[in-house]
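# Architecture at a glance
For reference, the chains in residue letters:
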Amino acid sequence: MTTSTARKQIVLECANCHTLTPMQEFSGACPECGEVLVEARYDLDRINPQEWVKSLRDRPNSLWRYHEVLPIFDTNNVVSMGEGGTPLIKAEALGASLGLRNLYIKDERQGPTGSFKDRQATVAISALREMGVNEVVVASTGNVAIAYGAYGARAGIKLWAFFPSLTPNDKMREAALYGAEIIKTTGTYDQTKQLAARFAKAKGVFLDRGIKSVAAIEAMKTMAYEIAEQLGNQLEDGKRWIAPDWFLQGVSGGMGPIGVGKGFREMLGFGLIDKLPAFGMIQSTGCAPMVEAFRRGQRVATPVEDSKTVIATLATGNPGLAYQILYDYVDENGGHFIDATDEEAFNAIRILARTEGISVEPATGVTFAGLFKLVRQGIIKPDDVVVVNCSGHTLPVEKQILGERWQETVDLSHAETTPPVPEGDLVSAVRKIPGKLRRVVVIEDNEGAARLMSRLLVAHGNAEVYMAHDGAHGLELINEVKPDLVITDLMMPEVDGFAVIDQIRANESLKSVPIVVVTAKELTVRERDFLDTHADLLLQKGSFIDDEFIQQLVEQLS
């Protein structure tokens, strides 16, 4: 791809006062009001949408296939490693468990450095190369600095990377491997960004401002173009492009969804799609200024001074004007802001990995935890087409970010001293359950596993099996049918298995009902103590659903 676009017109529109400035004359801030958040505008009338879409089919499958709507004048300046063009994967099993017929995952893990920040890096570094910049300062929690380091190395652009205190050493070492100068602070991400800005000003070095960077917003919109094109291929055999009903992403500073929203707006202007998607914006409960403002109906977010989340990539306490842009988008086009705890994110990571074989970073875990809540609350409907941004991979360094804190929280350091539980000898454990059992309630949020258990129980023992896919529904069934046996998972949205067991044992008419627990959860000492006294059988997921176990179990149902 070699294209000179000398006649291309790019102007930058101030997000505050809407002053237009030619890109070549932009000095880093609006000349009228000083605002640094601006968006690129192109002469879209020069593009014939139908001819353009047809030409895309013959171009390489990377984000630069959309170069006409990206902020670069000459594609000879592009610095690329094949980023973009990531797959859109239909989540069949997870979608079925949630009751969603069209759940898709935009798999951004497959970029050159393993995250969606590769999009930002290729456009930003290419634009900087075209501008003649040879040195840049960036504040990052990890992924941005790694991507900028890799692309900067290819372009010969020196990187100064500033990291907050929670950033894992492995992240910083990877950035250093590409030749970046590493500065780790003892402060928060917001404080680190302020320090980076002062450093850049003092040294006279170009500062990449994340959400306030033209290249960053423009890069992220290519994800929208790809989603619409890919959905069209999957749902309409390529006859047209399609916008989803929902786009979901974990949000910190807001750059990603602002860029994605811009992409969908451009496509609507081209006539390539017929609507804009609703946005599901999910934040970590420990640092959720956007969610808190949305709940209060406020267009301006109150900054969070002391972030409590251990997920550093979602620890922006002051989103500034970015929240106002996203608030207006949701107000006009539909959507919701919601939060999820770090623990809920960790559980969501495990659920996604075990149902779809996709391992994601904690920030994406927050997104999926938010998805579960939006579905349970009825905000997302069964027939909605939903796309989730899978922003990065669960590399070992990501496990370190969440893992150490998680272990402290659940006291895994004393796991060696845990008391025995009846999880090994299935025969002897099942025999502890009284005979003459007929009615069985199975509470399992994975519909495939629940159906398999039900089919085998019915086939082998002629049992009446009642299925529930969450704890709340399970408790309703238990109180209604008065079962002879309860089989329950532990990790479920809203009402989990522990709460189900608690309520059974607290009910005089139910407290003697045998309980079998099936789980993939790594149990703490306290949790094992609880199950040792409250459950009749504990089984690890992945090994219990077979004919041998079911046969042993149904012998007690005869």
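First, a word on scope: everything that follows refers to the structure included in this document. All chains use their own residue numbering, which begins from 1 and follows the written sequence. Only residues with pLDDT of at least 70 get local features here, since the model is predicted, and only at 80 or more are side-chain atom pairs given and counted; chain-wide, interface and lining totals rely on the full set of residues. Each side-chain value is worked out from all heavy atoms of the structure, with water and hydrogens disregarded.

## Looking at helix α16 (residues 471–481)
Every α-helical turn comprises 3.6 residues, leaving residues that sit three or four positions apart pointing alike. Every buried residue belonging to α16 is among Gly471, Gly474, Leu475, Leu477, Ile478 and Val481, and all of these are buried. Taken around the axis of α16, the buried residues stretch over an arc of 160 degrees, which confines them to a single face. Opposite its buried face, α16 presents the exposed residues Glu476 and Glu480, each directed more than 90 degrees away. We call two residues in contact whenever any of their non-hydrogen atoms come within 4.5 Å of each other. Secondary structure counts use DSSP, requiring at least four H or I residues in a row for a helix and at least two E residues in a row for a strand, with both numbered from the N terminus. The inward-facing, buried residues of α16 contact β14 (439–443), β15 (464–468), β16 (485–488) and α17 (497–506). Throughout this description, a polar contact denotes any pair of N or O atoms lying within 3.5 Å of each other; where both atoms belong to protein, one of them has to be capable of donating a hydrogen while the other can accept it, and for residues adjacent in sequence the pair is counted only when both atoms sit in side chains. The opening residue of α16, the one whose side-chain oxygen lies 3.1 Å from the backbone nitrogen of Ala472, is Asp470. Once α16 ends, the next one or two residues include Lys482, with phi positive near 50 degrees. Working definition: with a 1.4 Å probe on protein chains only, accessible area under 20% of the residue-type maximum means buried, over 50% means exposed, and in between means partly exposed. The directions considered for the arc are those from the helix axis to the C-beta atoms.

## As for the pattern of salt bridges
The working definition used for a salt bridge is a side-chain nitrogen of Lys or Arg within 4 Å of a carboxyl oxygen of Asp or Glu. On inspection of all chains with the given rule, the structure shows 27 salt bridges. Salt-bridge contacts for Glu344 lead to Lys373; the nearest nitrogen and oxygen are separated by 3.0 Å. One end of the pair, Glu344, is in helix α11 (residues 342–356); the other, Lys373, is in helix α12 (residues 362–376), and 29 residues separate them in sequence. Counted as one network, the salt bridges with shared partners bring together Glu13, Glu39, Arg41 and Arg265.

## Thoughts on the packing of α17 against helix α18 (residues 525–534)
One way to put it is that α17 packs onto α18 with a least axis distance of 11 Å and a crossing angle of 35 degrees. α18 is crossed by α17, and the crossing has left-handed handedness. Each of Phe498, Ile501, Asp502 and Arg505 in α17 lies in contact with α18, whose residues at this interface are Glu527, Phe530, Leu531 and His534. Ten residue types, Ala, Val, Leu, Ile, Met, Phe, Trp, Tyr, Cys and Pro, are classed as nonpolar, four, Asp, Glu, Lys and Arg, as charged, and the remainder, Gly among them, as polar. Residue classes in the contact of α17 with α18 are distributed as 4 nonpolar, 1 polar and 3 charged. Orientation is described by lines fitted to C-alpha atoms, with helices fitted over the stretch in contact, and by angles between N-to-C directions that extend from 0 to 180 degrees. Helix crossings fall into two classes, left-handed where the near helix is turned counterclockwise from the far one by less than a right angle and right-handed where it is turned clockwise.

## As for helix α10 (residues 321–333)
In this model, α10 (13 residues) spans 18 Å end to end at C-alpha, consistent with the 18 Å of a helix rising 1.5 Å per residue. Those residues of α10 lying buried are Leu321, Ala322, Tyr323, Gln324, Leu326, Tyr327, Tyr329 and Val330. Remark: Gly334 follows α10 within two positions and exhibits a positive phi of approximately 95 degrees. Here the expected span of a helix is defined as 1.5 Å times the quantity of residues minus one.

## Brief notes about the packing of aromatic side chains
In this analysis, rings of Phe, Tyr and Trp, with Trp reduced to its six-membered ring, are considered paired at centre separations within 6.5 Å, and the interplanar angle assigns stacked below 30 degrees, edge-to-face beyond 60, and tilted for intermediate values. Applying the stated rule across the entire model yields 14 aromatic pairs. Considering the side-chain rings of Tyr323 and Tyr327, the 5.7 Å spacing of their centres and the 55 degrees angle between planes classify their relative orientation as tilted. Here the residue Tyr323 and the residue Tyr327 both occupy positions in helix α10, the gap between them amounting to 4 residues, near one helical turn. Tyr327 matches Tyr323 in its accessibility class, with the two residues each being buried. Among the aromatic residues, ring-to-ring pairing joins Trp52, Tyr66, Tyr225, Trp241 and Phe270 into one connected group. Sitting over the ring of Tyr189, Lys193 keeps its end group 4.6 Å from the ring centre. The rule is short: NZ of Lys or CZ of Arg within 6 Å of the ring centre and within 35 degrees of the ring normal puts a charge over the ring.

## Some details on the sheet that holds strand β12 (residues 335–340)
We call two strands paired when DSSP finds no fewer than two bridges between them. On the basis of which strands lie adjacent, the open sheet formed by 6 strands has the order β4-β5-β13-β10-β11-β12 and mixed pairing. The open sheet has two edge strands with one neighbour each: β4 (88–90) and β12. Mean inter-strand twist for the sheet, computed between neighbouring axes without regard to direction, equals 25 degrees. When strand β10 (residues 246–250) meets strand β11 (residues 278–284), the two strands line up parallel, connected through 5 bridges.

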